[in-house]
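In case you want the letters, here they are:
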Amino acid sequence: MAERQQPERGVDLDQSQFCCAVCLDLLKEPVTIHCGHSYCKICIECCWNEQERRGRYSCPQCRETFNPRPVLRRNNMLAEVVEMIKRTGTQLASPAAACAGPSDVACDFCHGTSKNKATVSCLACLASYCPVHLEPHHSVPVLKKHQLVSATIPLQQKMCTKHNKLMEVYCGTDKKCICYLCVIDEHKGHGTVSAAAERAEEQKQLIVSQKKVQERFQKREKELNELLQAVKDLKSCTQPAVKSCDKIFGELISSIKRQCTAAKQLIKAQEQTAVAQAEELQQQLEEEIASLKRRDIELDRLSQTDDHIHFIQTFQSLSNSCESPDLPPGVVARPKRSTKAVTKCVSKMRDDIESLLKDTLPMISATVSTIDVALSLVPKTREEFLCYCHPLTLDVNSVSQNLSLSQGYRWVENKASDRPAHSERFTSFRQVLCREGLSERCYWEVSLSGTWSVAVSYKDINRSSEFGQNNKSWSLECSIHGYTFRHNKRSAKVSGPQSSRIGVYLDYEAGTLSFYSISDTMTLLHKEHTTFTQPLYPGLGLKDGDSWMSRGHCAELIKIW
C-alpha cells in the first residue's frame, strides 16, 4: 500500500504540460490525435466541426491535416496522470512562469501583490482563475456545470457598464455586444442574437477571410520566389558583362602597352643608327683634326727656316695637301628637334585615345542605364502577355518546298509548292521562319493539331538543320504524347496540360524564353535561360497533321494557319 502512495507524495509535474491548447484548462477526457498532440475531446471535436465544410481537418498546433476525419479514442494513461494532478493539487513546477504580467489576466483568488496568471474565466462566477484555484470547478459537481472560457481579456471588459451584467447578446442594429437587460431597455426592438450565434456567423466570415489571406500569402510567396529568381537571372546576366568588360579593357591596355613598347623600340633603333653614323663621322673628324694639327706644326716650323730654296720647295707640297672637302649639309644631328617631333606624335595619339574614351564612356553609361533590370514587369496573366504581342508574317524565302503559304503569308499548310531555289530556303525539313527579327520583349501564340514545333532561331541557321538540333535554335515539340524541349541536340521531356495553343514569351535582354500552355489559364511549360547574341526569328516546323496557326496581335487577330 505504501508503494502505491509513494508516487503521489513524490510527484513533481508541470501542470501546464497537461492543459488543452484550445481551452487552456486541464485536459478533460483527453484524446491524442495522429500527429501526437493531445486535446480535450470536446475541444478538438468543436474545432473539426467548424472545418467540416472544407473536408479537411487539421491540428490546431502543428497544422498537420488529416483526411478523412480521424476517429478519437480516449488516452487512458494521460487521463490517469491528469486525475493524479487533480488529486494532489500539483502546482506549476516554475512559479515564476505563472506570475501575471502587465498584459496578463490575474487570478482573482490569489492573495498578495504577486498574483498568478489566470488561464480560465468562469462566466457563471464572473471570476478568473489560475490552475490552482480552478481545481474546485473540476471536482465540485455544481461547479462543473459552469461555462469556462480562456482568460484572454479581463472579465470587466465583458461586463455591461450600465447593468454590470455579462454581455451575452449581440445587437445587430448597433453592431455591439450588450447584456440581456439592455435588450429590454435601450436596445428594445433592435435585431439581436446571442453572442454565440453571432460568433458562429462571424466564424464563417473568418474562414473566408482566412482563405483570402492564405491565397494572398501563396501569391506573395510565389512573387517572392519569382523575384529571387529574377535577381539570380540578373546576376547571371551582369557577371558575364563585367567579365567581358575586364577582358576587352584588358586587351585594350595590352594593345597600348604593345604600341608603347614598339614606339620605344623604334626610338632606340633610330638612336643606335644615328649614334653609329655620328661615331663614324667623329672618327673621320678626329683624324682630320690630327692631320691638320701636324700640318700646322710643319707650316710653323717652315715659317722659321732661313733657307729660301727649301721654303719654296716645301711650302708648295704642304699647301697642296692641306685642302679637305667640306662635310655634306645636314650631317650634324639635331636630337632636340627630333625628340620633340616624336613626343608630339605620341601626345597626339594620347589625345585621340582620351577623346575616344571621352566620347565612348557616356555611350556605355547610357547603354547600361537603358538595360531593363526591372524585376516586377514579368507578365502574370494572358492579358498582360498580350500587351507584348508582335505582328508576325512568314518568310516566303525560307519556307520549305513541302509547305504552302497563303497569299498574306500568315497561313501555311502541309502541301508541296513549286518555288524557286533560294539560299535561305529550308531543304531537309518542313520548316519556315518569320520575317521579323526580335530583340526585345515579345509574345506570340501558335495553335494547331498533330505533331509540330514552335521555335526561335538565329538568321544564319543551317538551312538543312532541324530546329533544336543545333546551337542556333530553340524548339518546343508538341504532340498528343506530350512536349519535348530541344536545343543544341539536347532534349528534355516537359510536363504540362495538353493544349492546342502555345504561347511564346521572349525577354531578349533578360535572356529568357518561355513556353506556355493556353486554355482557360496559362501554364508555364518550360523556361530557358541563356544569353542571346543575335536577333531571334520565330520559327515553325510541321511534322504531320494539316495546318497550324499563329496569333500575332491581340487586337488585329493576326493569324497564321
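Before reading further, recall that the structure is shown in the block above.
Worth saying up front: this structure is predicted, and the values here are computed from it rather than measured.

Rules behind the numbers
- Residues numbered from 1 in each chain as written.
- Predicted model: local features only at pLDDT ≥ 70, side-chain atom pairs only at ≥ 80, totals over all residues.
- Heavy atoms only, no water.
- Helix = DSSP H or I, 4+ residues; strand = E, 2+ residues; numbered from the N terminus.
- Areas by Shrake-Rupley, 256 points an atom, 1.4 Å probe, with all protein chains shown as cover.
- Phe/Tyr/Trp six-rings, centres within 6.5 Å; stacked < 30°, edge-to-face > 60°.
- Lys NZ or Arg CZ within 6 Å of the ring centre and 35° of its normal.
- Pairing = 2+ DSSP bridges.
- Axes fitted to C-alpha atoms, helices over the stretch in contact; angles between N-to-C directions.
- Contact = heavy atoms within 4.5 Å.
- Expected span 1.5 Å × (residues − 1).
- Buried < 20%, exposed > 50% of the residue type's maximum accessible area, 1.4 Å probe, protein only.
- 1 Å grid on protein atoms, 1.4 Å probe; cavity = no way out; pocket = protein on both sides within 12 Å on 5 of 7 lines; lining within 4 Å.
- Points joined across faces, edges and corners; volume = space filled by probe spheres on them.
- Nonpolar A, V, L, I, M, F, W, Y, C, P; charged D, E, K, R; others polar.
- Polar contact = N/O pair within 3.5 Å; in protein donor to acceptor, adjacent residues only side chain to side chain.
- Salt bridge = Lys/Arg side-chain N within 4 Å of Asp/Glu carboxyl O.

**Q** Mind showing me how you'd approach the overall build of the chain here?
**A** Regarding its fold elements, the chain presents eleven helices and 24 strands. For the chain, the accessible surface area stands at approximately 35,800 Å², while carbon and sulfur atoms represent 54% of it.

**Q** Would you mind showing me how to read the packing of aromatic side chains here?
**A** Aromatic ring pairs are defined here through the distance separating the ring centres and the angle between the ring planes. One pass over the full model with this rule turns up 13 aromatic pairs. A network of ring pairs unites the aromatic residues Phe385, Tyr388, Tyr443, Tyr505 and Tyr516 as a single cluster. Its end group placed over the ring of Tyr537, Lys459 keeps NZ or CZ at 4.8 Å from the ring centre. The side chain of Arg463 reaches across the aromatic face of Phe426, ending 5.1 Å from its centre.

**Q** For this particular structure, what's the right way to read the sheet that holds strand β9 (residues 176-178)?
**A** Pairing is antiparallel across the open sheet formed by three strands, whose spatial order is β9-β8-β10. The open sheet is flanked by β9 and β10 (192-194), the only strands paired with a single partner. For this sheet, the mean inter-axis angle between neighbouring strands, taken without regard to orientation, is 35°. Summarising the sheet, strand β8 (residues 169-171) and β10 pair through three bridges and their orientation is antiparallel. Each residue of the ladder has a partner; that of Cys171, found in β10, is Thr192. In this fold helix α8 (residues 195-303) packs onto β8 and β10, with an angle of close to 90° to the strand it touches most, β10.

**Q** How do you make sense of the sheet that holds strand β22 (residues 537-542) when you look at a structure like this?
**A** The six strands are arranged β13-β22-β15-β16-β17-β18 in an open sheet whose pairing can be described as antiparallel. Since the sheet does not close on itself, it has two edges, and those belong to β13 (431-433) and β18 (490-494), each with one partner. When strand polarity is set aside, the average angle formed by the axes of neighbouring strands in this sheet is 20°. Where strand β17 (residues 482-487) and β18 come together, five bridges link them in antiparallel fashion. Residue His487 lies in a different strand from β18, and its bridge partner there is Arg490.

**Q** Quick question: what am I supposed to make of α8 here?
**A** Residue pairs spaced three or four apart in an α-helix point in one direction, given the helix's 3.6 residues per turn. Taking 1.5 Å per residue as the helical rise, α8 with its 109 residues ought to reach 162 Å, and the 152 Å between its terminal C-alpha atoms agrees with that figure. Here α8 has its buried residues at Glu198, Gln203, Ile207, Ala230, Asp233, Leu281 and Leu302.

**Q** Would you mind going over empty space enclosed by the protein with me for this structure?
**A** Taking a probe equal in size to a water molecule and rolling it over the atoms shows the remaining empty space. With the rule as written, the count across this model stands at one cavity of 30 Å³ or more. Here the largest cavity is characterised by a volume of approximately 40 Å³. As for the largest cavity, its lining consists of Gln431, Ser453, Glu466, Phe467, Ser475, Glu477, Arg486 and Lys543. Classifying every residue of the lining of the largest cavity gives one nonpolar, three polar and four charged.

**Q** Which parts of the structure should I look at to understand the side chain of Ser128?
**A** Of note, Ser128 is situated in strand β6 (residues 127-129). According to the relative accessible area criterion, Ser128 is buried, its value standing at 2%. At 2.8 Å, the side chain of Ser128 forms a polar contact with the side chain of Ser121. Here Ser128 is in contact with Val105, Ala106, Cys107, Asp108, Phe109, Ala118, Val120, Ser121 and Leu155, once residues within four sequence places are set aside.

**Q** Even after reading the chapter, I still don't get the pairing of β22, so can you show me in this structure?
**A** Moving residue by residue along a regular strand, the side chains alternate between the two faces of the sheet. Summarising burial for β22: six of the six residues are buried, a large majority. Because side chains alternate across β22, one face comprises the buried residues Tyr537, Gly539 and Gly541, and the other comprises Pro538, Leu540 and Leu542, equally buried. Sheet analysis places β13 next to β22, joined by three bridges and oriented antiparallel. Within β22, the residue paired with Gln431 across the bridge is Gly541.

**Q** Which parts of the structure should I look at to understand the pattern of salt bridges?
**A** As a working rule, side chains carrying opposite charge can pair if their charged atoms are close by. Counted by the stated rule, this structure contains 16 salt bridges. Of the charged contacts, one joins Lys162 and Asp185 as a salt bridge, the two residues approaching to 3.0 Å between their closest N and O atoms. With a gap of 23 residues between them, Lys162 in the loop between β7 (148-150) and β8 and Asp185 in the loop between α7 (180-183) and β10 connect regions that are remote in the sequence. The partner of Lys459 in a salt bridge is Glu424, with the nearest N and O atoms 3.8 Å apart. With Lys459 in the loop between β15 (452-457) and β16 (473-479) and Glu424 in the loop between β12 (412-413) and β13, this pair connects stretches of sequence that are 35 residues apart. Judged by relative accessible area, Glu424 falls into the partly exposed class, the value being 24%.

**Q** Is there a simple way to explain the environment of Ala416 in this structure?
**A** Within the secondary structure layout, Ala416 lies in the loop between β12 and β13. Since its relative accessible area comes to 60%, Ala416 is described here as exposed. Along the primary structure Ala416 and Arg430 are separated by 14 residues, whereas in three dimensions their C-alpha atoms are 9.9 Å apart. Filtering out sequence-adjacent residues up to four positions away, Ala416 remains in contact with Gln401 and Asn402.

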